[in-house]
Each structure stands twice: as C-alpha cells, then as structure tokens.
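Descriptive structure summary
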Amino acid sequence: MADIAETSTARRASSTDANARVPGSGAAVMPLAGVSVAQWRALSERAAEPNGYYLPEWELAVNASARGRADAAALGAWRDPSHLIGLVPVISMWRAYKIPLPALVSADPYGTLCTPLLDADMAEEAVTSILRRARRAGAHALIFRATSLDGPAMKAFTDVLRRGRMQPLVLQSHVRACLDATGNADDVLREALGTKKLKELRRQRNRLAEHGAVHFEVARTPAETATAIETFLKLEASGWKGQRGTALGQDEGDAAFIRRAVAALAGTAQCEIVTLRAGETPVASAIVLHHHDRAFYFKLGVDERFAKYSPGVQLTLDLTRHLCADPDISTVDSTASPDHPMINPIWRGRLAIGDVLIPLRRNDPVVSLIRGALGLRGAIREPARRIVHFIRARQEKS
C-alpha cells in the first residue's frame, strides 16, 4: 500500500517527463525543478496573495538541497505553454504523513506558509486547472498545510469548489502574530507593550550597551547578505537550536539552501538580514523575506551569553521600527508558532492559518478515509507535540 501511494503519482509524472517543460502537453505533474523560472517569477509578481516561501528563488533552493524537503513536484496551471497562472509545490501523502492514501500535499518550504500562488486576474481559472491536473495525477484530495485561511487564494478555491457542490475542510487552524506596519512604530510598541515594559527593555538595552554601542544593521545587497548570513548561521548554531541539532548551519544541505536562497533573493531586493550588535559583537540576527506588500520574519538567532538583556526582543523592536518605516510594507507575518512567547506580546495583529483538505470529487468515500486517517494521526501525535512545543517555547523566550 505504501508503495502504491508513493509511486502512483511519480509513475504518472515520469511517463510525461519528456514533455515536462511543455505544460500544454497534458502532463498532470512535473518535477518542480522543471518549471520555467521566468514564468514562475512572472506569476509571483502577479500573485493574488503573497507568499515569500513559494518565491522561485526560495523554493528552488529548498528543493535542491534542504534536509528532507528536496525533490518536490509541481502542480501547476497554464493559460498557454508560456503563461503560468497557478502553482503549488507538492509531495505525496505517504511522504508527508506516512499514510498510504492517494492525496497530494503542499511541499514544506521550510517556512510555515504554503499558500498557493494564483494569478490575481485568473485565480479561479488557475484553481480549476490545478484541481483537474490533481485528479489526472490520481489524487483524490489536495492537502494544503499552513495556509492562509482568509486570503484571496483560499477564497478562489472555495468559490470553485462551491460550484461543484463541494467545500474545503479545515483540518486544524490557529492564529499567529503579525504586524500592521502601516502605523507609527512607537505608537504600535507602546500600545502592545505598555510604558512599564518599554522602560524595562530600555534599561536592558542600556545594560547591553556596557558591552559596546548598540546598533542595528540591515544587509540588503548580495555582497552584504553574503557576510550577514554567516553571522546569522553562527549565532543560530551557538544556542539551543545548535544543542538540539536543528540549526541551519549544522546540515550541509540546509546550509547550502539558505546561502543560495538569500543570495538569490537579495539580488531581487526580496531578502534582508538584520543584525543587532553591541560594539563589534553580534548579539542577534534574523532573516526577513519580502513579497509584494508583505514581509516574512523567517528565523532568529541570538547569542545566549547576552540572554539577560533580551537580545531577540531588542532586535525585534528595531525590526518593527524598520518595517513600519518602509512604505512598501503593510503587513509582516511572524510565521511563528501560535502563542509564541516572544513575538505575540510585541506584534498584536493575528493571521488565521490552517491545514485545509480540498476534495477533488463530490461524495468521494476515499476523501472520508483521508480525513479519518489524518484525524487519527493527529490524535496520536498531539499530546507529544504539545509537550515539545511547550519546551521549545520556553527555550525560545529571549
């Protein structure tokens, strides 16, 4: 059963590999690396809803070498062979969940957002084509993990399904922190934290300054980010992530992915690395992606020797001021876990995120099997997951 679930889609895709670069040939899915980068880039510029983690420069770097995330397929929609209007990187349900059932699941782009890219002017046409190609690939359902629930992408899927007398099913949902970057940063921080907490943070910053003048740096160009990414990797590996073995720099494939992605996105002005220093010593660093009017706070690394000065919080305060001052940014997605102890008190906006099951046929009993299997898996894993998240949240609070 596992082999059937894992290879059925791959077999269908491989049978059309010779035509994979010609979308009009009728291929249901194709290797993600076979998608035209120029077409993908053009689609990202027209996307109805931003997703920095499905930009081609980012996702192709993930797909090339990131640990456990390589070799995804592309479920796309083309208006004609030269005009890509929709794209979802996907993997089999077996690979995603070790469940041997015929569904395609959004590929993990290392960031916690899998909202599909849909052409803003042809969103429903793109959805219709994506659903048709998924059925042709042998799938009975699509599962979008960590997807924006209230944006135009999910609305397009809902509207198309409704016409077929179907509806998406939200498997699980939560809200996570985001920043309304259209306001005055000082007002935003004062309203979120209050004068007493801000006073305490200023006191900590003054204590940090005893180690050298505190300053906030922004690396934007490929040359600047090439240096800054090494600082970030060193900081991340120096803390609890390094102890747990999950820091990006600890795996050769992960390190290659992030270096490649940062360099490529810096070249299109869609990535910044921000660093807080005390004198010449970096105490915190973070990677931020940009897509349209939205920024995405990817990862944070801190020097835990300075933990009593809250370096992660101090960096986030400066980042808040930096992004609020950027007229091109209206919203910042924390891409953090729900109830994150560091970011939630600072960024008080909330985004609804969830895992969504998209049925491909009306009254399909296989969809009920897929839903039940996912429910059982969740019931088994949830207690352990809560314990792990609690421990990690306590470690991340800085």
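Figured I'd write up the structure that's included with this text. (Residues numbered from 1 in each chain as written. Predicted model: local features only at pLDDT ≥ 70, side-chain atom pairs only at ≥ 80, totals over all residues. Heavy atoms only, no water.)

So, on to helix α5 (residues 123–136). Look at α5: 20 Å from first C-alpha to last across 14 residues, which is about the 20 Å you get at 1.5 Å a residue. Taken together, the buried positions of α5 are Ala123, Ala126, Val127, Ser129, Ile130, Leu131, Arg133 and Ala134. Glycine 138, located one to two residues past α5, shows a positive phi value of around 100°. (Helix = DSSP H or I, 4+ residues; strand = E, 2+ residues; numbered from the N terminus. Expected span 1.5 Å × (residues − 1). Buried < 20%, exposed > 50% of the residue type's maximum accessible area, 1.4 Å probe, protein only.)

Overall, the coordinates contain 10 aromatic pairs when judged by the stated rule. On the basis of an interplanar angle of 40° and a centroid distance of 6.4 Å, the ring pair of phenylalanine 306 and tyrosine 309 is categorised as tilted. For the pair phenylalanine 306 and tyrosine 309, a shared accessibility class is recorded, and that class is buried. Put simply, the rings of Tyr53, Trp58, Tyr110, Phe257, Phe296 and Phe298 pair up and form one aromatic cluster. Above the face of the tyrosine 110 ring, arginine 69 is positioned so that its terminal group lies 3.9 Å from the ring centre. For the cation-ring pair, lysine 98 lies above tryptophan 94, with the distance from its terminal atom to the ring centre recorded as 5.9 Å. (Phe/Tyr/Trp six-rings, centres within 6.5 Å; stacked < 30°, edge-to-face > 60°. Lys NZ or Arg CZ within 6 Å of the ring centre and 35° of its normal.)

Moving on, we get to the nonpolar core. Judged by nonpolar contacts, the single largest core of 36 residues is most densely connected at Tyr297, Leu300, Leu315, Val332, Ile346 and Trp347. At the level of elements, β7 (169–180), α7 (185–208), β9 (271–278), β10 (281–291), β11 (294–302) and α11 (311–324) are the ones that each hand at least two residues to this core. Residue contributions to this core peak at seven residues, all from α7. Counting 32 residues, the second largest nonpolar core, distinct from the first, contains Val29, Ala134, Phe144 and Met166. (Core = buried A, V, L, I, M, F, W, Y, C linked by side-chain atoms within 4.5 Å.)

Before going further, it helps to examine unusual backbone geometry. Positive phi values are uncommon outside glycine, yet alanine 146 reaches one of about 45°. In this fold, alanine 146 is placed in strand β6 (residues 141–148). The phi torsion at histidine 292 lies on the positive side, around 55°, for a residue other than glycine. On the secondary structure map, histidine 292 appears in the loop between β10 and β11. Judged by relative accessible area, histidine 292 falls into the partly exposed class, the value being 36%.

What follows covers the pattern of salt bridges. Within the structure shown, the criterion is met by 20 salt bridges. For glutamate 124, the salt bridge goes to arginine 163, with nearest N and O atoms at 2.9 Å. Pair noted here: glutamate 124 is in helix α5 and arginine 163 is in helix α6 (residues 152–163), with a separation of 39 residues, a long-range link. Salt-bridge contacts for glutamate 236 lead to lysine 241; the nearest nitrogen and oxygen are separated by 3.5 Å. By relative accessible area, which is 3% here, glutamate 236 ends up buried. Take lysine 241: its relative accessible area is 13%, and that puts it in the buried class. Here the salt bridges do not stand alone but share partners, grouping Asp186, Arg205, Asp318 and Arg321 into one network. (Salt bridge = Lys/Arg side-chain N within 4 Å of Asp/Glu carboxyl O.)

What is shown is where atoms sit, not what they do.
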